[in-house]
Every structure is written in structure tokens, then in C-alpha cells.
Amino acid sequence: MSDQPKTPGTDHDERETSYDVTAVESKWQRVLEELQPFRADDEAVLSGRKEKRYALTMFPYPSGDLHMGHAEVTALHDVIARYWWQRGYEVLNPMGWDSFGLPAENAAIRNDAHPADYTYGNIDTQLESFRRYGVSFDWSRRFNTSDPEYYRWTQWLFLRLHEKGLAYRKNSPVNWCPQDQTVLANEQVVDGACERCGAEVTKRELTQWYFRTTAYAQELLDSLDDLQPTWSSKVVNAQRNWIGRSEGAHVDFVVEGREEPLTVYTTRPDTLFGATFMVVAADAPLAAELVTPEQQEALDAYLVEVRKETEIARLATDRPKTGVFLGVHATNPLTGTRIPVYAADYVLADYGTGAIMAVPGQDQRDWEFAQVFDLPIIRTVQPPEGFDGEAYTGDGPAINSANDEIDLSGMGVDEAKRTAITYLEGRGLGRGTVNYRLRDWLLSRQRYWGAPIPIVHCPEHGEVPVPEDQLPLLLPDLRGADLKPKGTSPLGAATDWVETTCPTCGGPARRDTDTMDTFVDSSWYFLRYVSPHDETQAFDTRLANAWGPIDLYVGGDEHAVLHLLYARFFTKALRDMGLVAWDEPFSAYLSQGKVINGGRKMSKSLGNGVNLGEQLELFGVDAVRLTLVFASPPEDNIDWADVSPAGALKFLQRAWRLSGDVTSAPGTDPADGDRALRQVTHRTVRDAESLVESHRFNVVVARTMELVNATRKAIDSGPGAADPAVREAVEAVAVLLSLVAPYVAEEMWERLGHEPSVARAGWPTVEESLLVQESVTAVVQVRGKVRARLEVAPDISEADLEAAALADEAVQRALEGAEVRKVVVRAPKLVNIVV
RNA sequence: GCCCCGGUAUCCCAACCGGCAGAGGAAGCGGUCUCAAACACCGUCCAGUGUGGGUUCGAAUCCCACCCGGGGCACCA
């Protein structure tokens, strides 16, 4: 390592010039564990004695030790939590572990062990690292989602959702990860690949458990408007796109030889006159229902082809269109034309109705299909002059769109849509409707290390909930090879566990062998923190309402549509059951950037990883935390190659040195201190308030550095170390640093003659009188160029300022021979003379 | 293709409602200290704000178009 070592060199000076980072860290870690300054007091909040703040950062999955990413998110998050304590709030700042999940299971298979061994071993390691890292967590509230005391309540909540019809089973084509041998939720498929392991996802037809997230689609979308100002725009945008609301219509088509109509969803009811054929999703039950015996064989052959496709191949839009005629015809309700019905894989089974009306004139996909199958194309929107594309999807006047009853000719797309819907509704042929891209959340998994689904399948009574007094439904004790993925749940092999009796009739029955997606665990953990040891309920509603919602949630945007959406869904569902009073779990959300190195994501293969433990050894906790907070705005990525932990440590040493220079006694009244320094101190403290609240933590650090520089100057070449203003300034520095660099801040506080802990010392009181300036610099511009600077009173009138500006010698010179056309005065800062 | 966010000195970043482009840091350079170095301290160099247009007395900031980077959605009818 070529970096500067943190231990000081030989000291020739008698005065200490640097502190021993390691000694300070271990000393204060010990003292603070004794003091417990960050215990959240329920009573203070319930009684209304203190105002609450709930600060939360995403709890980690216990894989190995903490890394730079954890270090960043907790450092940022801790600035806010510690600030709230200093401002006098009662702060709930809990931490725990999201400890169910596949890595532990895979490790168990490799090592012929139990997933719990890996999981709980890593939790111990991470806990130790967190403690050293000095985050203001209230450790008395910690829990792990894999603890039976926790997953008991995950199961209980599942049963509540089941009771309300929000958890249900259905047979449907689902995403299948061949690597992990389990199904995946839509949210866990990224570009056709498994979000966890990267394997190409395929489709399987399976009966699986779902949460009815779509029941809340509109509310999940609407509430985003309220969250917009306090959530990172990236995440709001991502969720909007994910929910994917679209407005359109359901249109019923009569199919020859069939009772029920074939209903399609379309966003372009205005183009119905141009519908020249129909397509149903090949893998939807609808295709099998419609197909004629003559075409059955063709459909089956096509399906074999389709099922072979991976999602990645299917998603390629430049692939030629394929499909098969189903042998049936429908009637276009507006034109009366007989149109053929096809099955194809470009129509999705689980979006809309799984069937479309194809309008090749106005839809590029339909155009391509029509070309392949030689089907008629009718334009119903006039493309603009010079349009040389194929399908025209833009706005324009309707053409070819009239029958005896309705005439859309000449209308723009919007008007034509409205008119068409009104007509269809009037004739009972269709109705306006809203559709969402959001699907229900597939929550069952064919793996071991998760919460078992508390359902018994009885031949007599179907799905029977496990009675509440039998919760938790513990996992059977499986390990090593028992856990090898084989496409069905490992729980199925635990015969003693699976074979049970029906809670309703007592007859023989089988347990559900799937476990829940680990995102279920994390969809309500923030509620458990309010009463983590409650053995009688999932969480105490009174406490949840007192502490919640979370005032600031900090995390990575890799969870923008997964965890954050699921947690929002849970909250709304629990609200409707009367279990919480809030509509949204996270009032504000800050998404922190990533720590990268040399312009690239850290990775083993690139060999550019930065090891957190090593950095802490080299520079200490405070300097690493300061580096991460100071490097950039929280939402930006931090390139470790661009930052200087050595520089951060240098600054901390400078700050610390100030605390040894102060010679005035603790409690000295600063009133008679040097006014200039006092002004800097008070202005810095005041500005820091709004900067912290708007999450501009990097600027807070910069302003603290400024204050340190000003104080240094005051000591060395100003009023001197004995001036009370110096003590006031250094104490402010200690408090400001307590948000970012807790250990050195404590050390400074002690050297200043105070009792620990500086973390609970309280925010300095700002004297308003010190914020007003005696004089300000007014700039005089002539034609936009600065020609003079005037020292004026802050409350100078516009007329006086203008007069003073015009009287100025340099201004006079600049105006020589020119005619003043206009004078813009913005007292007290600026005069602009236009010539 | 549609939708969000960003582009300021060599680098990371500040700049409130449109009002002096620079707060802070890193790197560089020069110096003080030192036998020398490291540390520390002092000083100093460095951009007209991605490009083009517009609005305005005045634009990094507002508007339009484009370029580049990051992210979301995407055969979603």
C-alpha cells in the first residue's frame, strides 16, 4: 500500500499534532456501548413528550462481511439519524438481517451443512463490523427474518392476505430459472434473465401462489404523486413505468360457432375499422379453446416451437413474426367483415385479455404479421405528407372509418377514441377500460431456506390454512444434499413433515411444500422493529402508528421496483385490514449511488475491488465515513479512484488539533468573543440545518471544513486561542462532525472538557443577531460587466443604491459618452446600468 | 422507440427565486519547517458552465433542438 499510514510519524514538536486513530476508535466504541445513547424510547413518543423520527436503511443479506456499499449507505443514513438526535427528536434507527435466501442454501449444499450455519455465522461477522463502524443503531431491536419468532408472523400475515383473497393460487405460464430450479416473479426477471444468477429464464405452466398486487395498481400509481417531492425521481419514474397504466377499451368480437365473444384489449379503439385479423397468445388457454380439430395439430407443433424459446430470444423485436391459423373466423363489429383468428407468440397470455385485434395499418407488429401471412392492410389514420414508414402510429385525421351508424372521418386520434368508445358502449360491443402492465406477485418458491407457506391441502377441503396457534410452521430439518434443487421443493422430501392431517376434518392431508419469496420477509420488517420482541402479534399497531411512517429510507435503487413496490403493497393491504393507519411506508426515500473503482463496478474478475476492512485499517472508521459522505451528492456514484481517504484523515487531524488549542474554560460565555468568527460559526450551523435536511451532506462537510479553516486562522493570526469565539467554533465543529465522524468528535468533545456523548450534546443554538451582516458588497454592472463594488448597508434603499452606483468614479468612467437607458436595481446586491 | 436524471477547472464537486462562475477537497507547482524526508503549515496555478438557438437589463440556472453519459420500460396491443 502506498497510501499514507494513519499512525502519526515521529513527533519532534512538543505539541501533539495528531491523534492515534485506532486508540480513539476502541476507546469510544467501549464507552458508547456502555452509554447506549441511541436507545429509542417508545414511551417518549407514545406520550407525545418528544417528536419522533424513524430512520431506516435497507437491512443486509448476510453474505460474507460488510463491503463498501454497506459502508456508504449506513454512513449517509447515519448523518440524518444523528442529526435528528441532535435536534432533539426521539429517533428510531433499527437494524437487522434479511437472512432467508438462496446463497445460504447453495453454500449448505456445497459444504454438506445447514443453511443456518452459513447465515448466522455471517450475521455475527457483520454485526461485529457494524459495531466497529459506529452507526447509531438501536441494537436492542435487531432480529433476523429467518428466526422462527419472525417468520411466524410472516406466515401469519400470509394467512391474513389469504383470508382477504389477496393471496391465491392459479395455473399459469410462469418464469422459470433453470439454474436456481425455481419460479421467479416478473420483477426478478431482468432482460429475460434471472435477476439473481443471470441464467436465461424459460416459461413453464405451473400452479403457483400469488399476491394480488394488481388490486392496488391504481393506488400504487396515484400515491406516487405524493411521494414525488421526497423520493428520488429515478425510483418514482421506474415505478410508474413498471405499473404501466394504459387507457383503452375492451372490444367483443363474435366468433363463428362460439357462444362467448372473443374480447380483446386495445389502446386504439379508434382504429377498429382497420382490424383485419385477430391474434391470441399461443400459450393461453384461449388458443386451445378456439382451435378447430383440423388445425389442432398445427397449433400443437407451433406450441412445441414456442416453448423451446428462452425469454431472451422471445424478447428480440427484430425476429420475424410467426403464428398459426386457428381455423376460425370472427366478425369485425364495425365493418361486418369476416376476419381470421391466429395464434402467435408476439401476443402475451397474461397482458390484457391475451388476445388482440390486429390493425396492421396502425401497428408495426401487426403490419409485420400481415406481411408474413399476406393479410389485408387498411389505413384508418391519414399519415402526414411524405410518410414513408409502414404502420403509422402517430396522430392524424381518421380515414376509412365510417359505416351506417358511426363516422369518425377527419377526427384526430383522441377524439376518434372517445367517439368509438361511446359508440361501442352504447351498442354493448365493448367498454372503455384501464389496463396495467403490473402483474400479480408470484410469491412461491421451490427452495428450502424461506418461510414455509402455512397451507394444508386436503382432498376434502382444498386449501386449508394452518391454524394460528400452530404457528410458526417450522422448516423441517434438512441439510446438505437434501437441498439439491430438483425442480420441486426440497420440503416435499421431508415425508414426516409433509404428511399431516387436515385442520378442518382431521383426515390425511399434505402440507404445501413451497416457501415464500424472501421479498415477502422484507415487505413488512419495518413494522416489526416497533415491537421486535412481541410474542403476541406481528407488530403493535399503536407503536407502528406512533413511530411510522418511516421519515427517511435510504437504500440502493436496485430495489426500485422490487422491494419498494412490494413494501408499498403490503402497507396498503395492512392498512385496509386496520393494522396500520398510514398509506405509505416511506415518506422520503434517498437512493444512494454505488461505490465503483476506476470507472468500473468493483468485481473479482476485474481485480478492482476495494476491501472495506483494509480501508478501515489504513485510515480508520471516521476517515472512511467522511470520505464516503464528502465525495459527492448521495445519489451519485463514488469512484474510489477519485477520492482521498488520506485527505479526509488529514482534515480530521486538523479538526482534532483545534480541540487541543482551545484555552478558555468549558462554559465560557461566547458573547464577547470575536464577532467575525462567531458569525462564521453561526452561519455554518444555520446553513447545515437546511443542507442536512435536503440531504446535501457533501456540502455540510465542505462547510465544516470552512469553519475549521476559519478557526485555525483565528487562533494563529486572529484573536488567538483564548478567545471565547474559538471555543464556540470548535464545539460547533465537534457537533457537526458527530454526524459523520463519531469517534474523533467524541475525542474532541472530551478534550474540550465535556462529558460524553457529543452525539447527544444537542444542536448549537443559532443567534439570529449574528446572521445579519453589517455590510454587504453590491456589484455595479455596466452592460453586464462588473465595473465597481460598493460596501453598503444590507437594508439600503433602491434609490440610495442607484445614486451611490451612479456616483462611483469607475462607473462614471465606464459610462463616459453613453446614454443611460435603464437602471436595474436589486438592493442590496446589484445594480445593472443599461446603455 | 417512449419516459426520467445528469454534463461547471486536470479530477471529485459548490453556486438559494435568473444577479460577481468558486465554497470545499484531490492532484500539480512554489515555499516554510527538517541534516534530509515524511508529517504539518503557508501560498499559488487552473474553467466561462456539452453544442446551437431563443427569452431577459442580466442565463450554469428558464424555453426549444441536438450531442454525450447513467437509469427505467419495451413484440404490453
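Residues numbered from 1 in each chain as written. Chains lettered and ligands numbered in written order. Predicted model: local features only at pLDDT ≥ 70, side-chain atom pairs only at ≥ 80, totals over all residues. Heavy atoms only, no water.

## Comments concerning the overall build of chain A
Right, on to step 1. Scanning chain A from N- to C-terminus turns up 26 helices and 30 strands.
Right, on to step 2. Taken over the C-alpha atoms alone, chain A extends approximately 100 × 85 × 55 Å along its principal axes.
Right, on to step 3. Residues classed as buried in chain A amount to 55% of the 835 residues present.
Right, on to step 4. Within chain A, contacts between residues separated by at least 24 positions form 73% of all contacts whose residues are at least 6 apart in sequence.
Right, on to step 5. Within the structure as shown, chain A displays about 35600 Å² of accessible surface, and the carbon and sulfur contribution to it stands at 48%. (Helix = DSSP H or I, 4+ residues; strand = E, 2+ residues; numbered from the N terminus. Buried < 20%, exposed > 50% of the residue type's maximum accessible area, 1.4 Å probe, protein only. Contact = heavy atoms within 4.5 Å. Areas by Shrake-Rupley, 256 points an atom, 1.4 Å probe, with all protein chains shown as cover.)

## Things to note about the sheet that holds strand β26 (residues 638-639)
Right, on to step 1. A sheet is described by the order of its strands in space; here 3 strands give the open sequence β25-β24-β26, paired in mixed fashion. Strand pairing shows two members of the sheet lacking a second neighbour, β25 (600-601) and β26, which therefore form its edges.
Right, on to step 2. Pairing between strand β24 (residues 595-597) and β25: 2 bridges, direction antiparallel. Note on β25: the bridge partner recorded for N597 is R600. (Pairing = 2+ DSSP bridges.)

## Regarding the protein's contact with RNA strand B
Right, on to step 1. If you check the shell around RNA strand B, you find 53 residues, and the closest are T267, R365, R437, M705 and R789.
Right, on to step 2. By atom count, sugar and phosphate contribute 62% of the portion of RNA strand B lying within 4 Å of the protein.
Right, on to step 3. At a separation of 3.1 Å, a sugar or linking oxygen of RNA strand B approaches a polar side-chain atom of T266.
Right, on to step 4. One of the backbone nitrogen or oxygen atoms of L348 is found 3.0 Å away from a base nitrogen of RNA strand B.
Right, on to step 5. The biggest single contributor to the surface near RNA strand B is helix α8 (residues 233-243), with 6 residues.
Right, on to step 6. For the surface near RNA strand B, the residue count by class is 19 nonpolar, 15 polar and 19 charged. (Near = heavy atom within 4 Å. Polar contact = N/O pair within 3.5 Å; in protein donor to acceptor, adjacent residues only side chain to side chain. Nonpolar A, V, L, I, M, F, W, Y, C, P; charged D, E, K, R; others polar.)

## Describing the nonpolar core
A general tendency of soluble globular proteins is for nonpolar side chains to be buried together.
Right, on to step 1. One finds F158, F211, W441, F526 and F539 to be the most contacted residues of the largest nonpolar core, which totals 188 residues.
Right, on to step 2. Setting aside anything within four residues of it in sequence, one finds F211 in contact with F158, L161, L166, A167, Y168, D440, W441, L443, V520, F569 and F570. (Core = buried A, V, L, I, M, F, W, Y, C linked by side-chain atoms within 4.5 Å.)

## Looking at the packing of aromatic side chains
Right, on to step 1. Counted under the stated rule, the structure contains 43 aromatic pairs.
Right, on to step 2. Taking 4.9 Å as the distance between ring centres and 15° as the angle between the ring planes, the aromatic pair formed by F143 and Y150 counts as stacked. Exposure class is identical for F143 and Y150. Each is buried.
Right, on to step 3. For the ring pair W153 and W156, a centre distance of 5.9 Å and an interplane angle of 70° mean the geometry is edge-to-face. On the criterion of helical spacing, the pair formed by W153 and W156 is a turn pair, its members being 3 residues apart in helix α6 (residues 148-163). Note on accessibility: W153 and W156 belong to one class, buried.
Right, on to step 4. Stacked on the ring of Y133, the Lys or Arg R625 has its end atom at 5.3 Å from the ring centre. (Phe/Tyr/Trp six-rings, centres within 6.5 Å; stacked < 30°, edge-to-face > 60°. Lys NZ or Arg CZ within 6 Å of the ring centre and 35° of its normal.)

## As for the sheet that holds strand β4 (residues 182-184)
Right, on to step 1. With respect to topology, 4 strands assemble into an open sheet ordered β4-β3-β7-β15, the strand pairing being antiparallel. Sheet topology places β4 and β15 (441-442) at the edges, where each strand pairs with a single neighbour.
Right, on to step 2. Pairing geometry for strand β7 (residues 202-211) and β15, over 2 bridges, is antiparallel. Looking across to β15, one finds that F211 is bridged to W441.
Right, on to step 3. Packed onto the sheet, α6 meets β3 (167-177) and β7 and runs at close to 90° relative to β7. (Axes fitted to C-alpha atoms, helices over the stretch in contact; angles between N-to-C directions.)

## Here we look at the pairing of strand β9 (residues 262-266)
Right, on to step 1. Summarising burial for β9: 4 of the 5 residues are buried, a large majority.
Right, on to step 2. Both strand β8 (residues 246-255) and β9 contribute to a ladder of 5 bridges, which runs antiparallel. Looking at β9, one finds that D252 is bridged to T263.
Right, on to step 3. The antiparallel hairpin formed by β8 and β9 contains 6 residues in its connecting segment, where G257 sits at a positive phi of about 75°.

## Some details on empty space enclosed by the protein
Right, on to step 1. This structure, assessed with the given rule, holds 2 cavities of 30 Å³ or more.
Right, on to step 2. Computed from the structure, the largest cavity encloses a volume of approximately 40 Å³.
Right, on to step 3. Taken together, L626, F651, V700, V701, T704, L736, L737 and V740 form the lining of the largest cavity.
Right, on to step 4. A total of 3 residues in the lining of the largest cavity trace back to one element, the largest contributor, which is helix α22 (residues 697-717).
Right, on to step 5. The residue inventory of the lining of the largest cavity, partitioned by class, reads 7 nonpolar, 1 polar and no charged.
Right, on to step 6. Roughly 30 Å³ of volume is contained in the second largest cavity.
Right, on to step 7. Lining the second largest cavity are D270, T380, V381, G396, A398, L408, M411, G412, V413 and A416.
Right, on to step 8. Partitioned by chemical class, the residues of the lining of the second largest cavity number 6 nonpolar, 3 polar and 1 charged. (1 Å grid on protein atoms, 1.4 Å probe; cavity = no way out; pocket = protein on both sides within 12 Å on 5 of 7 lines; lining within 4 Å. Points joined across faces, edges and corners; volume = space filled by probe spheres on them.)

## Topic: unusual backbone geometry
Right, on to step 1. P549 follows G548 through a cis peptide bond whose omega is -10°.
Right, on to step 2. Checked against the element boundaries, P549 lands in the loop between α17 (541-547) and β22 (552-556).
Right, on to step 3. With an omega dihedral of 5°, the bond running from P756 to S757 counts as a cis peptide bond.
Right, on to step 4. Looking at where S757 falls in the secondary structure, it is placed in the loop between α24 (742-751) and β27 (776-782).
Right, on to step 5. You will see that Q181, though not glycine, has its phi angle at about 55°, which is positive.
Right, on to step 6. Its location among the elements puts Q181 in the loop between β3 and β4.
Right, on to step 7. Positive phi outside glycine occurs at H695, with the angle close to 65°.
Right, on to step 8. With respect to the helices and strands, the residue H695 is situated in the loop between α21 (675-693) and α22.
Right, on to step 9. Given a relative accessible area of 18%, H695 falls into the buried group.

## Re the environment of A732
Right, on to step 1. If you trace the backbone, A732 turns up in helix α23 (residues 724-737).
Right, on to step 2. A732 sits in the buried class, given a relative accessible area of 3%.
Right, on to step 3. It is 61 Å that separates the C-alpha atoms of A732 and G352, two residues lying 380 residues apart in sequence.
Right, on to step 4. The contact partners of A732, leaving out residues within four places of it in the chain, are T681, V685, L707 and P764.

## Digging into the pattern of salt bridges
Right, on to step 1. Scanning the model with the defined rule gives 51 salt bridges in all.
Right, on to step 2. The salt bridge partner of R625 is D78, with a shortest N-O separation of 2.8 Å. A residue pair is termed long-range when its members are at least 10 positions apart, and R625 in helix α19 (residues 612-630) and D78 in helix α3 (residues 68-86) qualify at 547 residues. In this structure, R625 and D78 share a single accessibility class: buried.
Right, on to step 3. In the salt-bridge network here, residues are joined through shared partners; they are E219, R568, K572, R575, D576, D583 and E584. (Salt bridge = Lys/Arg side-chain N within 4 Å of Asp/Glu carboxyl O.)

## Remarks on the side chain of T292
Right, on to step 1. Relative to the helices and strands, T292 resides in the loop between α9 (285-290) and α10 (293-308).
Right, on to step 2. Each residue touching T292, except ones within four places of it in the same chain, is listed here: L326, G327 and V328.

## Here's the deal with the packing of helix α20 (residues 645-661) against α24
Right, on to step 1. Contact geometry of α20 with α24 gives a least axis separation of 8 Å together with a crossing angle of 15°. As summarised for this structure, α20 and α24 are arranged roughly parallel, according to the angle between their axes. Our pair here, α20 against α24, has a crossing hand that is right-handed. Contacts between α20 and α24 involve L652, A655, W656, S659 and G660 from the first element and V744, E747, M748 and R751 from the second.
Right, on to step 2. Among the residues forming the contact of α20 with α24, the class breakdown is 5 nonpolar, 2 polar and 2 charged. (Parallel < 35°, antiparallel > 145°, perpendicular 65-115°, else oblique. Left-handed = near helix turned anticlockwise from the far one by under 90°.)

## Comments concerning the confidence of the model for chain A
Right, on to step 1. In this model, chain A carries an average pLDDT of 92, and 98% of its residues clear a pLDDT of 70 or more.
Right, on to step 2. Low confidence marks residues 1-14, where pLDDT is under 50. Its contacts with residues over four positions away, or in another chain, come to 21 contacts.
Right, on to step 3. Note on the complex model: pTM 0.94, ipTM 0.95. (pLDDT = per-residue confidence, 0-100.)

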